Amino acid sequence: VRELAGTGSVALALPADDTRDATAVAEGALLGAYAYRTYRQRTAEQHKPPVETLQLVTARARDKQLEAAVERAHVVAAAVAATRDLVNCPPVDLY
């Protein structure tokens, strides 16, 4: 998903037949979209914005269990991104 930066919307249609597989696809896409750009030397115009919308195309789209699992994947990915930001940030900026 990182390579698709600058794209407004991305749909992932993979053969994920059960909740576990679809959750893994969603979590992997969300984790793969992370990029730390705070101290890049390029100007803001040269940075492509991250993907705005990520859609998971599956036959189980209305499954409540899948919806809950994808929501959990979103929370986990946000927590991992926040942790990565702390790790990538210089110590002097943390104080």
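In the block above lies the structure referred to throughout.
In this report, we go over the structure that sits alongside the text. Going along each chain's sequence as written, the residues are numbered from 1 onward. Since the coordinates come from a predicted model, pLDDT governs what is reported: local features require at least 70, and pairs of side-chain atoms require 80 or more to be given and counted, while whole-chain, interface and lining totals use all residues. Computation of side-chain values covers all heavy atoms of the structure but excludes hydrogens and water.

### Some details on the pattern of salt bridges
The line we're drawing: Any Lys or Arg side-chain nitrogen located within 4 Å of an Asp or Glu carboxyl oxygen qualifies as a salt bridge. Whether a residue is buried, partly exposed or exposed follows from its accessible area with a 1.4 Å probe, protein chains only, as a fraction of its type maximum: under 20%, in between, or over 50%, in that order.
What the rule picks out here adds up to one salt bridge. Residue D21 is joined to R20 by a salt bridge in which the shortest nitrogen-to-oxygen separation is 3.8 Å. Classification of D21 by relative accessible area gives partly exposed; the value is 30%. By relative accessible area, R20 is classed as exposed at 64%.

### A look at a nonpolar patch on the surface
Note the threshold: For patch detection, residues must exceed 30% relative accessible area and be free of salt bridges, and they are connected within 9 Å for like charges or within 5 Å for nonpolar side chains (Val, Leu, Ile, Met, Phe, Trp, Tyr). Only the protein chains shown count as cover for residues, and all accessible areas are computed by the Shrake-Rupley method using a 1.4 Å probe. A run of H or I in DSSP counts as a helix once it spans at least four residues, and a run of E counts as a strand once it spans at least two, with each numbered from the N terminus.
Together, L86, L94 and Y95 line one region of the surface with nonpolar side chains, adding up to about 440 Å² of accessible area. With respect to the secondary-structure elements, L94 resides in the segment after α2 (64–88). When its relative accessible area of 48% is taken as the criterion, L94 is described as partly exposed.

### Comments concerning α2
In plain terms, the rule: A helix is expected to span 1.5 Å multiplied by its residue count minus one. Contacts are assigned to residue pairs with any non-hydrogen atoms lying within 4.5 Å of each other. Under this definition, polar contacts are N or O atom pairs within 3.5 Å; protein pairs additionally need one hydrogen-donor-capable and one acceptor-capable atom, and for neighbouring residues in sequence, both atoms have to be side-chain atoms.
Between the first and last C-alpha of α2 there are 36 Å, a value that for 25 residues agrees with the 36 Å anticipated at 1.5 Å per step. Residues L66, A69, A73 and A77 constitute the buried set of α2. Buried residues along α2 sit against α1 (19–32). For α2, the N-terminal cap is D63; the gap from its side-chain oxygen to the backbone nitrogen of Q65 is 3.2 Å.

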